[in-house]
Amino acid sequence: MELYEQMTARQLRRFFAGAAVAAMGNFLIAFAMNLYYLPHLYLMSSIFFLAASRFAKLRRFVLFYVLTFILLLAQSFLSVYVIGEDCGIQLYLLVLMIPLNYIRLTPYSETFKNVFIGLAACGCVAGYLISDELFDRAIAPMNMVSQNEEFFFTFFNVVGSLSFLIFLSSIFAGGYQRELQRLSDENYDLEQISNHDTLTGLPNRRGIEKILQKRWREWKTDHKLFTVAIGDLDDFKQINDKYGHDAGDMVLSTLAKMLQRETPETCVVSRWGGEEFLFVISLPQECAREILNSARKKAAEHEFSYEGETFHITITIGVSDTCSDLLPEEMIQRADKRLYHGKKNGKNCVVRNMIWKG
């Protein structure tokens, strides 16, 4: 409900503000023409619409819609009685069928919504026909205005009602387009946040698993080879113990940028967890080997600096590719085993079936 309130609040304010402008215009004309009854009714309507533009909300939509309908119906009948048929004010009743659609966003039952829409639509059409034809035939107008004044009043209301119709259509259609675009952008931002690590900006475990599943499906359907690798920083705990966790965060952030920079677009680097990075490379194992070895060397050569002290880090990488028919989680398990094999055999290496130091 809160989301719906936010989506419609601005549109409802514009709707009632536009109705207030139309009512005030009729008030000024009726006052200048010295008409009976109408100036008071239009002034009261403009005050109501101004208040509605301030206080109307989605949860009060039915109340404000019914009051608006009653006001416009009274204006229509009274205008016909004072001036005559075809004074143009009746068209505002038909305009009410556009904001009627907002009932769909309220928490009422579907039955209530359908009944309300049916009754309100019939009421708008019936009010228009009765005031325009039947009411005019049953009661003679007061005929207190000249033909030119009647034409001017009619012209103003016809143009005003049609303009208001276009105005409401643009609010209803354009407004929802903007809101949908805003929600789409927000969903994209949330998706980015949920799929990316806040420290490094790399895809997190959730994000890389989606990419890995996609690559695996491509492998099964089109036999597009890809490689999975896990890299783990060697002796990272010593950095945290000696320099503090801020230094460790700096290393992870810097290394993430370096890995992204040193690997091609065919390689997606992610933060798998802690000091581990997962690589998904859309290339066969031999090509992936060169990419991973190059990244390992660049990491080892880089000089990190923290509070005046410099140090180096190394990374050990375990590799698994699609040469065997493995599920994605099995590929990760195999790469993880090879990673720890490399840890036990000197670190700072890339491991598949043997140790590559390049």
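Residues numbered from 1 in each chain as written. Predicted model: local features only at pLDDT ≥ 70, side-chain atom pairs only at ≥ 80, totals over all residues. Heavy atoms only, no water.

(A) Quick look at the overall build of the chain. Scanning the chain from terminus to terminus reveals 11 helices and 8 strands. Total accessible area on the chain stands at roughly 18,300 Å², and carbon and sulfur atoms take up 59% of it. (Helix = DSSP H or I, 4+ residues; strand = E, 2+ residues; numbered from the N terminus. Areas by Shrake-Rupley, 256 points an atom, 1.4 Å probe, with all protein chains shown as cover.)

(B) Molecular detail of the environment of Phe277. Checked against the element boundaries, Phe277 lands in strand β3 (residues 276-281). Exposure remark for Phe277: the relative accessible area of 0% places this residue in the buried category. Expressed as a C-alpha distance, the spacing of Phe277 and Ile317, which sit 40 residues apart in the sequence, is 9.0 Å. (Buried < 20%, exposed > 50% of the residue type's maximum accessible area, 1.4 Å probe, protein only.)

(C) Region of interest: the pattern of salt bridges. Going through the model one piece at a time under the given rule, you end up with 9 salt bridges. When the shortest N-O distance is used, the salt bridge between Arg271 and Asp197 registers 3.2 Å. One end of the pair, Arg271, is in strand β2 (residues 267-273); the other, Asp197, is in the loop between α6 (147-195) and α7 (205-222), with 74 residues separating them in the sequence. Under the relative-accessibility criterion, Arg271 is labelled buried at 16%. Glu262 is the salt-bridge partner of Arg261, the closest N and O atoms lying 3.8 Å from each other. (Salt bridge = Lys/Arg side-chain N within 4 Å of Asp/Glu carboxyl O.)

(D) Seen up close, a negative patch on the surface. Together, Asp246, Asp249, Glu307 and Glu309 make up a negatively charged patch on the protein surface. Along the chain, the position of Asp249 falls in helix α9 (residues 245-262). (Patch = residues over 30% accessible without salt bridge, like charges linked within 9 Å, V, L, I, M, F, W, Y side chains within 5 Å. Lys, Arg positive; Asp, Glu negative; His and termini not counted. Charge placed at Lys NZ, Arg CZ, Asp CG, Glu CD.)

(E) Seen up close, the confidence of the model for the chain. Looking at the chain, the pLDDT average stands at 84 and 88% of residues meet or exceed 70. For the chain, the element scoring lowest by mean pLDDT is strand β8 (residues 355-356), at 48; β3 scores highest, at 95. (pLDDT = per-residue confidence, 0-100.)

(F) Broad picture of the nonpolar core. Counting residues in hydrophobic clusters, the biggest one holds 49 residues, and the most contacted among them are Phe49 and Tyr65. Contributions of two or more residues to this core are made by α1 (2-32), α2 (38-55), α3 (61-82), α4 (91-95), α5 (110-138) and α6. Top contributing element to this core by residue count: α1, with 10 residues. Those residues in contact with Tyr65 that lie beyond four places of it in its chain are Leu96, Met97, Leu100, Phe116, Ala120 and Cys124. Core analysis: the next-biggest nonpolar cluster, separate from the first, contains 31 residues, Ile291, Ala299, Ile313 and Val350 among them. (Core = buried A, V, L, I, M, F, W, Y, C linked by side-chain atoms within 4.5 Å. Contact = heavy atoms within 4.5 Å.)

(G) Local environment of the pairing of β2. Of all 7 residues in β2, 6 are buried, a share of seventy percent or more. As judged from the 6 bridges shared by β2 and β3, these two strands associate in the antiparallel manner. Bridged to Val268 within β3 is Val280. (Pairing = 2+ DSSP bridges.)

(H) Spatial organisation of the environment of Val95. Here Val95 lies in helix α4. Residues Val95 and Ser169 lie 74 residues apart in sequence; the distance between their C-alpha atoms is 9.3 Å. Discounting residues that sit within four places of it in the chain, Val95 has contacts with Ser161, Phe164, Leu165 and Leu168.

(I) How the structure looks around empty space enclosed by the protein. Tallied over the full model, the rule gives 2 cavities of 30 Å³ or more. The computed volume of the largest cavity comes to approximately 90 Å³. Taken together, 14 residues make up the lining of the largest cavity; nearest its centre are Ala19, Ala22, Phe49, Leu72 and Tyr92. Broken down by element, the residue count for the lining of the largest cavity peaks at 5 residues, all from α1. (1 Å grid on protein atoms, 1.4 Å probe; cavity = no way out; pocket = protein on both sides within 12 Å on 5 of 7 lines; lining within 4 Å. Points joined across faces, edges and corners; volume = space filled by probe spheres on them.)

(J) Main features of the packing of α9 against helix α10 (residues 285-301). Interhelical geometry of α9 versus α10 gives an angle of 140° and a closest axis separation of 10 Å. Our classification of the angle between α9 and α10 gives oblique. Considering the relative orientation of α9 and α10, their crossing is right-handed. On α10, the residues touching Leu255, Met258, Leu259 and Glu262 of α9 are Ala295, Lys298 and Ala299. Partitioned by chemical class, the residues of the contact of α9 with α10 number 5 nonpolar, no polar and 2 charged. (Axes fitted to C-alpha atoms, helices over the stretch in contact; angles between N-to-C directions. Parallel < 35°, antiparallel > 145°, perpendicular 65-115°, else oblique. Left-handed = near helix turned anticlockwise from the far one by under 90°. Nonpolar A, V, L, I, M, F, W, Y, C, P; charged D, E, K, R; others polar.)

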